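Here's the letter readout for the chains.
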Amino acid sequence: EDGLTTIFRSVRMHQAHQAVQEAAFGALYYLSCSRDLTSSQKRQLCLEENVFVLLGTMNQYIDSELLCQRGCGLILNMSFFAPLSQDTMASVGGIRIILAAMR
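Residues numbered from 1 in each chain as written. Predicted model: local features only at pLDDT ≥ 70, side-chain atom pairs only at ≥ 80, totals over all residues. Heavy atoms only, no water.

Enquirer: I'd like a description of the pattern of salt bridges, backed by residues and values.
Expert: Evaluation of the coordinates by the stated rule reveals one salt bridge. Here Arg12 makes a salt bridge to Glu49, at a shortest N to O gap of 3.7 Å. Residue Arg12 is found in helix α1 (residues 3–13), and its partner Glu49 is found in helix α4 (residues 48–60); the two are separated by 37 residues along the sequence. (Salt bridge = Lys/Arg side-chain N within 4 Å of Asp/Glu carboxyl O. Helix = DSSP H or I, 4+ residues; strand = E, 2+ residues; numbered from the N terminus.)

In structure tokens, the structure reads:
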């Protein structure tokens, strides 16, 4: 099992633990900035189910400046790897969440 799978599983399993979420978002953000990220890892990062998890977690912890900064940076990096589906972004209120996180 690779690192991305483990991190996303941790995000899903520990929704009630803000410190775990902040650490996971930090790891995901720094991985997304890595020049060594493979095409397969980029595709995995941008999976619709992972976008849902990221946006849902940002919505849950909208008052966490650290988590929201990393989340916005991560979503931005992901948009460079592959276009994020407008349907995905609209269905979970992604645009609203990102705008709220940026405030």
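Now that the structure is up, let's keep going.
Enquirer: Outline the nonpolar core, listing residues and values.
Expert: Residues Leu28, Leu45, Leu54, Leu55, Met58, Ile75 and Met78 are the most contacted members of the largest nonpolar core, which totals 25 residues. At the level of secondary structure, the elements contributing two or more residues to this core comprise α1, α2 (18–32), α4, α5 (65–81) and α7 (94–102). For Leu28, the contacting residues outside a window of four places in its chain are Leu4, Ile7, Phe8, Leu45, Leu54 and Leu74. (Core = buried A, V, L, I, M, F, W, Y, C linked by side-chain atoms within 4.5 Å. Buried < 20%, exposed > 50% of the residue type's maximum accessible area, 1.4 Å probe, protein only. Contact = heavy atoms within 4.5 Å.)

Enquirer: Break down the packing of aromatic side chains for me, citing the residues and quoting the values.
Expert: Summed over all chains, the structure comprises one aromatic pair. For the ring pair Tyr29 and Tyr30, a centre distance of 5.3 Å and an interplane angle of 70° mean the geometry is edge-to-face. (Phe/Tyr/Trp six-rings, centres within 6.5 Å; stacked < 30°, edge-to-face > 60°.)

Enquirer: Please give an account of the side chain of Gln44 that cites residues and values.
Expert: Within the element layout of this structure, Gln44 appears in helix α3 (residues 39–45). Relative accessible area serves as the criterion here: at 18%, Gln44 is assigned to the buried category. Within the structure, Gln44 has its side chain in polar contact with the side chain of Thr5 (distance 2.7 Å). Ignoring sequence-local partners within four residues, the contact set of Gln44 consists of Asp2, Leu4, Thr5 and Asn50. (Polar contact = N/O pair within 3.5 Å; in protein donor to acceptor, adjacent residues only side chain to side chain.)

Enquirer: Mind laying out the confidence of the model for the chain, listing which residues take part and the relevant values?
Expert: Confidence in the prediction for the chain averages 86 pLDDT; 88% of positions are at 70 or higher. Across the chain, element-level confidence peaks in α2 with a mean pLDDT of 94 and bottoms out in helix α6 (residues 86–91) with 68. (pLDDT = per-residue confidence, 0-100.)

Enquirer: Kindly report on α1, identifying the contributing residues and their values.
Expert: Within α1 the residues assigned to the buried category are Leu4, Ile7, Phe8 and Val11. Along the axis of α1, the buried residues cluster in a sector spanning 95°; they form a single face. Those residues of α1 that are buried are in contact with α2, α3 and α4. (Arc of directions from axis to C-beta.)

Enquirer: Help me get a handle on the environment of Ser79, residues and values and all.
Expert: Topologically, Ser79 is positioned in helix α5. Assessed through its relative accessible area of 35%, Ser79 is described here as partly exposed. For Ser79 and Cys46, which are 33 residues apart along the polypeptide, the C-alpha to C-alpha distance reads 8.1 Å. Polar contacts involving the side chain of Ser79 include one to the main-chain carbonyl oxygen of Leu76, which spans 2.6 Å.

Enquirer: Any details on the environment of Cys46? Residues and values, ideally.
Expert: Among the structural elements, Cys46 can be located in the loop between α3 and α4. Residues contacting Cys46, with those up to four places away along its chain left out, are Val51, Met78, Phe81 and Ala82.

Enquirer: So what's going on with the packing of α1 against α2? Which residues, and what values?
Expert: The interhelical angle for the contact between α1 and α2, taken along N-to-C directions, is 155°, at an axis separation of 9 Å. Classed by the angle they form, the pair α1 and α2 counts as roughly antiparallel. Both α1 and α2 take part in a crossing whose hand is left-handed. Contacts from Leu4, Ile7, Phe8, Ser10 and Val11 in α1 reach Val20, Gln21, Ala24, Ala27, Leu28 and Leu31 in α2. Across the contact of α1 with α2, the residue classes tally to nine nonpolar, two polar and no charged. (Axes fitted to C-alpha atoms, helices over the stretch in contact; angles between N-to-C directions. Parallel < 35°, antiparallel > 145°, perpendicular 65-115°, else oblique. Left-handed = near helix turned anticlockwise from the far one by under 90°. Nonpolar A, V, L, I, M, F, W, Y, C, P; charged D, E, K, R; others polar.)

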